[in-house]
Amino acid sequence: MKDIHNYDLSRHNTFGINARCRRFIEFSSVSELQDVVRSLTGADRPLLILGGGSNLLLTGDYAGTVLHSAIRGVEPTVTDDGVLLRVGSGEVWDELVGLCVARGWHGAENLSLIPGEVGASAVQNIGAYGVEVKDLIHKVEAVDLATGGTVSFSRDDCQYAYRQSRFKREWSGRYVITYVTYRLSRIFRPNLDYGNIRTELERKGITAPTAAELRQVITDIRRAKLPDPEVEGNAGSFFMNPVVTRDVYERLAAEYEGMPHYTVDAAHEKIPAGWMIERCGWKGRSLGRAGVHSRQALVLVNRGGATGREIVDLCEAVRGDVKKKFGIDITPEVNIV
């Protein structure tokens, strides 16, 4: 276990913000975490549960204790219709996807190259290219910060929605996730109907992709349009795509011919926030040392030396222009602390 005071968090947030926390505790087992929880005092608070820092924007030093999981391990249990995979919350998500593809455990291929750790996947309900992790989650195990006791939740208990869960709402700061169990299939059923997956496969001359080929195509697409955090600090998609009522969509579609959209249900449509941001003229622009990525307007970047407050200022400027032009509020997907 690590227990360090005045700890540098710059390598624990993909925006690369220079910030420190008063105390940093990294645990590698459930029992270590329980010991930590039962030893915490009022002086150690507030608490911040931190994964890979890929969905986090620090606006300054954190005057409290950061808890980080280093619980590792992948435990498969083969079932009649697939495999149940119990995974430590400190495992790197994309490494897990790679392992699953190599072992013939299917369902997560479209979530390739999403940054972060396994514990955060169950908090955020990560999703990409027509797949959300809620479709794979079977059970979530955690430690209750109030008691130090262990608890487990079914997928339904977590009330997953688009980039949402109870861990982000009423359970925020209450539980530390220790293990996530995923239900995967041993039969490969590729999901190719979102974005430009089919176009990229056709460009490569692939008509019936293997799981490895689909993972590679997803990885190539993401790398082509998203900046590398090691080169230009970012947290991936900064904003959620807003879901609007059909009458709002129809009004905008009449005004903006060819506006992209995705049907949610009979009464709602999802409009890409990146498209609206680009139409507001922000793509590739900067505000001080913070900027909007030149290839994907949904991504805000640290041009070099930006503070968290500078990123927030850019966020608010972008949100204001989208609201003014389209009458729609776009909400940050990133956790701003």
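Preceding this paragraph is the structure being described.
Only a predicted model underlies this, so the values are computations on that prediction, with no experimental measurement involved. (Residues numbered from 1 in each chain as written. Predicted model: local features only at pLDDT ≥ 70, side-chain atom pairs only at ≥ 80, totals over all residues. Heavy atoms only, no water.)

> For the sheet that holds strand β17 (residues 286-287), give the residues involved together with the corresponding values.
Read from one edge of the open sheet, 4 strands run β13-β19-β18-β17, paired in antiparallel fashion. Where the open sheet ends on each side, the last strands, each with one partner, are β13 (233-237) and β17. As paired elements, β13 and strand β19 (residues 299-302) share 3 bridges and run antiparallel to each other. Paired with Gly233 across the bridge in β19 is Asn302. (Pairing = 2+ DSSP bridges. Helix = DSSP H or I, 4+ residues; strand = E, 2+ residues; numbered from the N terminus.)

> Would you mind going over the sheet that holds strand β15 (residues 262-265) in detail, with residue names and values included?
If you walk across this open sheet you meet the 3 strands as β14-β16-β15, and the pairing is antiparallel. Two strands lie at the open edges of the sheet, namely β14 (243-245) and β15, each paired on one side alone. On average, each strand axis in the sheet is tilted by 35° relative to the strand beside it, whichever way the strands run. By the bridge criterion, 3 bridges tie β14 to strand β16 (residues 268-270) in an arrangement that is antiparallel. For Val244, the partnering residue across the bridge sits in β16 and is Glu269. Sheet contacts for helix α6 (residues 246-255): β14, β15 and β16; angle to β14, the most-contacted strand, approximately 95°. (Axes fitted to C-alpha atoms, helices over the stretch in contact; angles between N-to-C directions. Contact = heavy atoms within 4.5 Å.)

> Outline the pattern of salt bridges, supporting the account with residue identities and numerical values.
Counted according to the given criterion, the structure contains 25 salt bridges. In this structure, Glu230 and Arg11 form a salt bridge, with 3.7 Å as the shortest nitrogen-oxygen distance. Here Arg11 lies in the loop between β1 (2-8) and β2 (20-27) and Glu230 lies in the loop between α5 (211-225) and β13, a separation of 219 residues in the sequence. Assessed through its relative accessible area of 66%, Arg11 is described here as exposed. For the salt bridge of Glu269 with Arg246, the shortest nitrogen-to-oxygen distance reads 2.5 Å. Here Arg246 lies in helix α6 and Glu269 lies in strand β16, a separation of 23 residues in the sequence. Taken together, the shared-partner salt bridges in this structure form one network comprising Glu132, Lys134, Asp135, Arg163 and Glu333. (Salt bridge = Lys/Arg side-chain N within 4 Å of Asp/Glu carboxyl O. Buried < 20%, exposed > 50% of the residue type's maximum accessible area, 1.4 Å probe, protein only.)

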